[in-house]
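# Structural characterization, general
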Amino acid sequence: MMSKQDLLLLMKARHSGRSYDTTRAISQEEMDILMEAVRLTPSCFGDEPWRYVICNKQNNQSAWEKLLNCLDESNQKWAKDAQILIISLSAKNFRKSDKGENFWANHDTGAANYALMLQAAAMNLMAHQMGGFDRDKIVERFNISDDFNVMSVIAVGYEEEGAEINSRSTNNLDWNYRQIADQSSCDQVIIITMSNAANCFIHIYNADGSRAEMCGNAARCVGYLIMSEKGTEHITIELVNKRILECFKVGDKSIKVNMGKPLLKWHEIPLSTECDTLHLPIELEMLKDPVAVNIGNPHIVFFVDNVNEIPLRNLGPKLESHVLFPQKINISIAQVEKSGEIALRVWERGTGITASCGSAACAALVASTLRGYLTAQQTSVDLPGGKLLIEWANNVFMTGDIGFL
Ligand SMILES: Cc1cc2nc3c(=O)[nH]c(=O)nc-3n(C[C@H](O)[C@H](O)[C@H](O)COP(=O)(O)O)c2cc1C
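Residues numbered from 1 in each chain as written. Predicted model: local features only at pLDDT ≥ 70, side-chain atom pairs only at ≥ 80, totals over all residues.

If you look the chain up in an unreviewed UniProt entry, it shows as diaminopimelate epimerase from Trichonephila clavata. Under the UniProt heading Sequence similarities (unreviewed entry), the note attached to the chain is "Belongs to the diaminopimelate epimerase family." (UniProt positions renumbered as here; feature names shortened; annotations may be inferred.)

So, about the nonpolar core. With 62 residues, the main nonpolar core has Leu 344, Ala 361, Cys 362 and Ala 364 as its most contacted residues. Sort the elements by how many residues they give to this core and helix H10 (residues 358-370) lands first, with eight residues. Look past the residues within four positions of Cys 362 in its chain and what remains in contact with it is Gly 216, Met 259, Ile 295, Ile 390, Val 396 and Met 398. Trp 64, Leu 125, Ile 138 and Val 150 belong to the second largest nonpolar core, which has 36 residues in total. (Core = buried A, V, L, I, M, F, W, Y, C linked by C-beta atoms within 7 Å. Buried ≥ 20, exposed ≤ 12 C-beta atoms within 10 Å, placed from the backbone. Helix = DSSP H or I, 4+ residues; strand = E, 2+ residues; numbered from the N terminus. Contact = placed C-beta atoms within 7 Å.)

Another aspect to go through is the UniProt feature "domain: Nitroreductase" (unreviewed entry) in the chain. Cross-referencing UniProt, the feature "domain: Nitroreductase" (unreviewed entry) maps to residues 12-158 in the present numbering. The straight-line gap between the two end C-alpha atoms of residues 12-158 is 17 Å; of that span, 37% is helix and 22% is strand.

Take the site of the ligand next. The ligand sits among nine residues. The nearest are His 15, Ser 16, Met 130, Gly 131 and Gly 132. When its residues are assigned to classes, the shell around the ligand shows one nonpolar, seven polar and one charged. (Near = placed C-beta within 6 Å. Nonpolar A, V, L, I, M, F, W, Y, C, P; charged D, E, K, R; others polar.)

Taken together, the six bridges between strand E5 (residues 188-193) and strand E6 (residues 200-206) define a ladder with antiparallel strand orientation. For Gln 188, the partnering residue across the bridge sits in E6 and is Asn 206. Connecting the antiparallel pair E5 and E6 is a turn made up of six residues. Note: E6 against strand E7 (residues 211-212), two bridges, orientation antiparallel. Looking at the pairing, Tyr 205 lines up with Arg 211 of E7. A loop of four residues connects E6 with E7, the two strands running antiparallel in sequence, and Gly 209 in this loop sits at a positive phi of about 90°. (Pairing = 2+ DSSP bridges.)

The alternating pattern of strand E18 (residues 378-383) places Thr 379, Val 381 and Leu 383 on a buried face and Gln 378, Ser 380 and Asp 382 on a face that is not buried. Judged from the six bridges that link them, E18 and strand E19 (residues 386-393) form a sheet pairing that is antiparallel. Paired with Gln 378 across the bridge in E19 is Glu 391. What sits between the antiparallel neighbours E18 and E19 is a turn of two residues.

Pasting the structure below:
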């Protein structure tokens, strides 16, 4: 049985390259498999409105050349190296005459073409569709009946070894999240989806489009929204790292989140080499000797006398990408007051300086307790964006208000 990831991996591997291996032919058996993928495509009334005219350079060079000459010049330049050229047609009417015009035919043919392309990718073949061709020429030269629309021409072949594959940067979802974050000046974009293990699943994207495993503040906001919608005072949220966060409504706009247990072993942070997580061997200007804590995402906490004296904007990027952190790191600068309160400033991995970071506040309390700077395992953490109450009793709990922008 295929895993959930398998199909996504195949979809990512499929691409429309332009460098075909001219030496590798495609067998009839391989073509039959591609047509089987087409046959399995769903269609309106199961009518299968697609038709394919297959021109194989190996066994019908004249048809193949005839079709090549119908392509736009820019497409001919690279499609000339593909072993197979296919005309994809879509029937205008249903096969049963009483059903009349098939409104869905082009839709279904597009789906069948994609099935063909994915199956090709699964066989390490490359299928590249083209809309750039002379439709009238194809109709005339291949004697296409007026009952069909010519949808596309598909080049199929083995890709040349070592061919450069263009990244799909403009279609990349991460790129979209970066744009959204940019336009709304937010630190994170949260996507809420269904979960089998909790009331909902959250996908967290940083302002640079990268993915984050955990965001305590997002959990409070999402918790508030879902609890308001469901009219309950408790819900659960699943994260990409499989953690389940419990959210409780403890006041009108006040939400408490069970953030789970902190992880403290070097490989759990994770660090690239074994070392004492209570005293990491890192020193940068006035910052030294941080504690590492993973509370669903990795953090280091530096203790200083005055948080406002630290040039975090300069030091943050250098520390975030330090070799000790294979998955990069969130950086907290903590000042433990005599009262036991913690003043905190945070450089968030993938985002930069942030007004508030719930998981950093949790990491700061854990680090302060482990270092013996706090007697009670509960305190208020003061961030530029507001205060959070943090408690560590086996699990770490974070309580704070939510607000609307
Ligand atoms: C209907 C259709 C027509 C296309 N026409 C052309 C074309 O004429 N020439 C070309 O080089 N690529 C063509 N493409 C390929 C697209 O440019 C390509 O799918 C898109 O850039 C995304 O890249 P990807 O397939 O690698 O994800 C076409 C794709 C489709 C679906």
